[in-house]
Amino acid sequence: MLPELFAGVILAALVLYALLGGADFGGGVWDLLARGPRAADQRRVIERAIAPVWEANHVWLILAVVMLFTAFPPAFSAIAIDLHVPLVLMLVGIVLRGSAFVFRQYGDGGRASTERWGRVFAIASTVTPVVIGVTVGAITTGARRASGVPPSTLDLSWLGGFELLVGLFTLALFAFLAAAYLTVEAQTPELRDDFRARAIGASLSAGALAGAAALAAGPATTRFADRLTGSWWSLPLAGLTTAVALGALALLFTRRFGLARVVAGSQVVLVLLGWGAAQYPVLVAPDLTIASAAAPAATLEVVWPVLIAGSVLLFPSLYWMLRVFKAGQR
Amino acid sequence: MSEVLYARAQMAYSLAFHIIFASVGIAMPLLMVIAEVLWLRTGDAEYLKLAKRWAKGTAVFFAVGAVSGTVLSFELGLLFPAFMEHAGPLVGLPFSLEGFAFFTEAIFLGIYLYGWDKVGRWVHVGAGLVVAASGALSAVFVTIVNAWMNAPTGFRVEDGKIVDIDPLRAMATPFALHEILHTLLAAYMATTLAGGAIHAWALLRARTSSFHRRALAISLAVTIPVSLAQPLVGHYAGQQIAVHQPMKLAALEGLEQTQPRAPLTVGPLEVPGLLSFMAFNDPDAVVKGLEEIPVQDRPHWIVRSSFQVMVGLGSLAAGYALFTLAVAVRRRRLPEGRLWLLTSIALGPAGVIAMEAGWVVTEVGRQPWTIYGVLRTADAATPVKDLWLPFAIFAAVYAVLGVVVGGVLVRQVRGTTDPPAEGG
């Protein structure tokens, strides 16, 4: 039971990372794609939305990793060995995104330097979600692990068609979330409509990529695909996710941005829950499961109270931070 | 270079890089909160300007520290997966605690940096205090992990496997206390000596700048006590090492033969029995020499040189602190002579170098073990081949970041010196 709870905590941390950190990456995507007469204003809205919160949002990833190596050490070491290269790329992206963002903000370096770092921030924000998605896809298929070949940093067997589609889907999803949130944060009707159009476009792309990834899942990983499509919950979950996605689109069309933000978030939660449910009870395909990779009970029993106590401190602080910076807009 | 050496070297420079940013992230919030409290108490706008300047520096260092810390949390597995597989269940507890401390730090730093007009004044100070405290707490928990690697407790080894694990016992490793104190003091020393040097340099250019005089005074209020306490903590650390890692002590002192009344060698001077006394409070105690272990297991010579660099610079800093304190007490004001300012500037890098040297002592001195006496580094390293590639990638990224942060710092400082009386 305890190992399942820890797996649930990791999934919850990943969900929160997607909802909060994912949207920060998405903001960078729209910085890269800022166009038209309001490009500079778009960038300003994005910067203001991200600046106070991105570092706190980023910690969800660290929490997920710490929980993984604490509660499922063999799964962590398997991922670290087999997916060495995508993880390195992801880390480089994370480092460049964060550093470039503060250099742009606090660099005091004049316009050229601000623009240069803005560009680095935007490109890193766009590439990193793809790599994160590819990593998740590779954990799902376990192709690299199943191959049994001694890994090298020069080999590319972690990158298949399915993995790449999951990567692009992740990018579209993060961009969608960001645009949906930014419709609320933008202060003029024109800017709100800019982000509204972007959110709709990203939502449609995400839908198409989700379909493509689902089709590619069959050949890439039978086990995952079978559970995703053949479980008792498959149809209700797919129906609900589709309904929520369409609901978010409808709310964006009718400019009910406050509600659209919430529904867009729910859509992402459902996607990740679906992935988790189809993956269960496997952590790293093909062989590492929640039961087989779990740390000794002695560990889980002492860390569990820490998680509860930590949450009691964490969630009120987070709520306060979001209230200070995200309330009072609109 | 062998694959293991690439893994070790990448871990080494990643930590050496991160430790600087982490230290500044621990110490700077304390300085900025002191300045803000002084502003609220005195109403003197220069203290407010100072708090904001330091907050700006903190923002840059904290961000780079946060992302380079993320890299490290993954590198533990990317480079030493077998270590994490064995140690994860034991050190997961302090890492989890550190995760929450870091979370708190990030949240409240966001509020501090961007909440000047959004929360009440004393609430704002409170947020800053939480940042300073949770930053120090993060360091406490992470350092416990390192202490455990050096003096592992809380398990038994049976047929080569770690069994009967007890994570709370693991956290109570006998190295915890001295490593925590030594690391925290080093962070405050490194940051305030370097920061103080910057303000001393500005004062040298504009002797009358009350802005930089105040900055230097606040900085010294931290430098002096920590620099004076550090040698005492260092002595206690030595005694713990003498008991738990005798070969590290032997390497630090260059002691070949196991002997009673072991001498301490300082340059040409050799004081009989002093090493025995320093290590065990008894001039007749037996101190073990390097002859006890096979040649290939003996610590690298760099351990001893780094130790000497650390002790040397630490002593200089303590002397500087003592002199400054004496003058301050006698004259009721800080020294302001050119020579003293030049000394302050010269000692600027001393804290950082001493900290890095101390890190080398701890880490290279632990070799050939990752978990001391339990898991060898060669057995902990990843089976992934061609590690030169990530080694080169991260080396390049960190080199660029280091240069850029240096440039940012120069520009931020220049902003406070060039127009001597600007608004902020």
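It should be emphasised that the depicted structure is a prediction, and the values quoted were computed from it without experimental measurement. Within each chain, residues carry numbers counting from 1 in the order of the written sequence. Starting at A for chains and at 1 for ligands, labels are handed out in the order in which the entities are written. With the structure being a predicted model, the display of local features is reserved for residues of pLDDT at least 70 and the display and counting of side-chain atom pairs for 80 or more, all residues being used for whole-chain, interface and lining totals. Calculated side-chain values reflect all of the structure's heavy atoms, with hydrogen atoms and water omitted.

Asks: Mind showing me how you'd approach a nonpolar patch on the surface here?
Replies: Residue and element names in this part refer to chain A. On the surface, Leu159, Leu164 and Leu168 cluster together into a nonpolar patch covering about 220 Å² of accessible area. Along the polypeptide, Leu159 turns up in the loop between helix H7 (143-147) and helix H8 (161-185). For the exposure calls, accessible area comes from a 1.4 Å probe over protein chains only, and a residue counts as buried if that area is under 20% of its type's maximum, exposed if over 50%, partly exposed in between. Judged by relative accessible area, which is 39%, Leu159 ranks as partly exposed. Exposure above 30% relative accessible area and the lack of any salt bridge qualify a residue for a patch; like charges then connect within 9 Å, and the nonpolar side chains Val, Leu, Ile, Met, Phe, Trp and Tyr within 5 Å. Note on areas: these come from Shrake-Rupley sampling with a 1.4 Å probe, and a residue is covered only by the protein chains present in the view. Take a side-chain nitrogen of Lys or Arg and a carboxyl oxygen of Asp or Glu: if they are within 4 Å of each other, that pair is a salt bridge. Only DSSP runs of H or I with at least four residues qualify as helices, and only runs of E with at least two residues qualify as strands; both kinds are numbered from the N terminus onward.

Asks: I'm lost on the environment of Ala297 of chain A in this one. Help?
Replies: All names here are of chain A. Within the fold, Ala297 resides in helix H14 (residues 297-326). We classify Ala297 as partly exposed; its relative accessible area is 45%. For Ala297 and Thr221, which are 76 residues apart along the polypeptide, the C-alpha to C-alpha distance reads 31 Å.

Asks: How should I be thinking about the packing of aromatic side chains in this particular structure?
Replies: What characterises a pair of aromatic rings is the spacing of the ring centres plus the angle enclosed by the ring planes. All names here are of chain B. To pair, rings of Phe, Tyr and Trp, with the six-membered ring standing in for Trp, must have centres within 6.5 Å; the planes then decide the type, stacked if under 30 degrees apart, edge-to-face if over 60, and tilted in the middle. Inspection of the entire model under this criterion finds 20 aromatic pairs over all chains. Centroid distance Phe62 to Phe102: 5.8 Å. Interplanar angle 35°. Geometry classified as tilted. Taken together, the residues Phe62 in helix H2 (residues 45-79) and Phe102 in helix H3 (residues 81-114) connect sequence positions 40 residues apart. There is no split in this pair, since Phe62 and Phe102 are both buried. By way of ring pairs, the aromatic residues Tyr6, Tyr13, Phe17, Phe21, Phe61, Phe391, Phe394 and Tyr398 are connected into one cluster. Counted as over-ring charges are cases with an Arg CZ or a Lys NZ within 6 Å of the ring centre that also lie within 35 degrees of the ring normal. Its end group placed over the ring of Trp116, Lys52 keeps NZ or CZ at 4.8 Å from the ring centre. Positioned over the ring face of Tyr47 is Arg214, at 5.2 Å from the centre of the ring.

Asks: Whenever I open this one, the pattern of salt bridges confuses me. Can you help?
Replies: Pairs can form between side chains of opposite charge once their charged atoms are near each other. If you walk through the whole model with that rule in mind, you get 20 salt bridges over all chains. Residue Arg111 of chain A is joined to Glu115 of chain A by a salt bridge in which the shortest nitrogen-to-oxygen separation is 3.2 Å. Here the residue Arg111 of chain A and the residue Glu115 of chain A both occupy positions in helix H6 (residues 110-141), the gap between them amounting to four residues, near one helical turn. Arg111 of chain A sits in the exposed class, given a relative accessible area of 66%. The partner of Glu46 of chain B in a salt bridge is Arg214 of chain B, and the shortest N-O contact between them spans 3.2 Å. With Glu46 of chain B in helix H2 and Arg214 of chain B in helix H7 (residues 210-244), this residue pair connects regions lying 168 residues apart in the sequence. Residue classification places Arg214 of chain B among the partly exposed positions, given a relative accessible area of 24%. Through salt bridges with shared partners, a single ionic network connects Asp31, Arg43, Glu47 and Arg104 of chain A.

Asks: Can you walk me through the interface of chain A and chain B in this structure?
Replies: By convention, interface size is frequently given as the accessible area that disappears when the constituent parts associate. By definition, residues are in contact when any of their heavy atoms lie within 4.5 Å. Contacts between the two partners involve 62 residues from chain A and, on the opposite side, 62 residues from chain B. Buried area, as used here, totals the accessible surface that two parts lose on assembly, with accessibility defined by a 1.4 Å probe and the loss added over both. A combined buried area of about 5700 Å² lies between chain A and chain B, and 81% of that area is made up of carbon and sulfur atoms. Considering only the surface of chain A that becomes buried against chain B, Leu91, Tyr106 and Trp320 of chain A emerge as the three largest contributors, covering 11% of it. Taken together, the connections running from chain A to chain B amount to zero salt bridges. For the purposes of these results, a polar contact is taken to be a pair of N or O atoms within 3.5 Å, where, inside protein, one atom must be able to donate a hydrogen and its partner to accept one; residues adjacent in sequence count only when each atom of the pair is a side-chain atom. Between the two partners, chain A and chain B, sit 12 residue pairs in polar contact (both at pLDDT 80 or more). Counting residues per element, the ones that place at least two in the side of chain A that touches chain B are helix H3 (54-71), helix H4 (73-82), helix H5 (84-106) and H14 of chain A. Classes in brief: Ala, Val, Leu, Ile, Met, Phe, Trp, Tyr, Cys and Pro nonpolar; Asp, Glu, Lys and Arg charged; the others, Gly included, polar. Its residues placed into classes, the side of chain A that touches chain B shows 45 nonpolar, 15 polar and two charged.

Asks: What's the story with the packing of H2 of chain B against H3 of chain B in this structure? I'm lost.
Replies: When two helices pack together, you describe them by how their axes are tilted relative to each other and by the distance separating the axes. All names here are of chain B. Here, axes are lines fitted to C-alpha atoms. For helices the fit covers the stretch in contact, and angles between N-to-C directions go from 0 to 180 degrees. Two numbers describe how H2 lies on H3: the axes approach to 12 Å, and their chain directions differ by 160°. Relative to H3, H2 is oriented roughly antiparallel. In this structure, H2 crosses over H3, and the sense of that crossing is left-handed. Residues Ala51, Ala55, Thr58, Ala59, Phe62, Ala66, Leu76, Gly77, Leu78 and Leu79 of H2 touch H3, and the partners they reach there are Pro81, Phe83, Met84, Phe95, Phe102, Glu105, Ala106, Leu109, Tyr112 and Leu113. Taken together, the residues of the contact of H2 with H3 break down into 17 nonpolar, two polar and one charged. Angle categories are assigned with fixed cut-offs, so that under 35 degrees is roughly parallel, over 145 is roughly antiparallel, 65 to 115 is roughly perpendicular, and the rest are oblique. Crossing handedness is read from the near helix: turned anticlockwise from the far helix by less than a right angle, it gives a left-handed crossing, and turned clockwise, a right-handed one.

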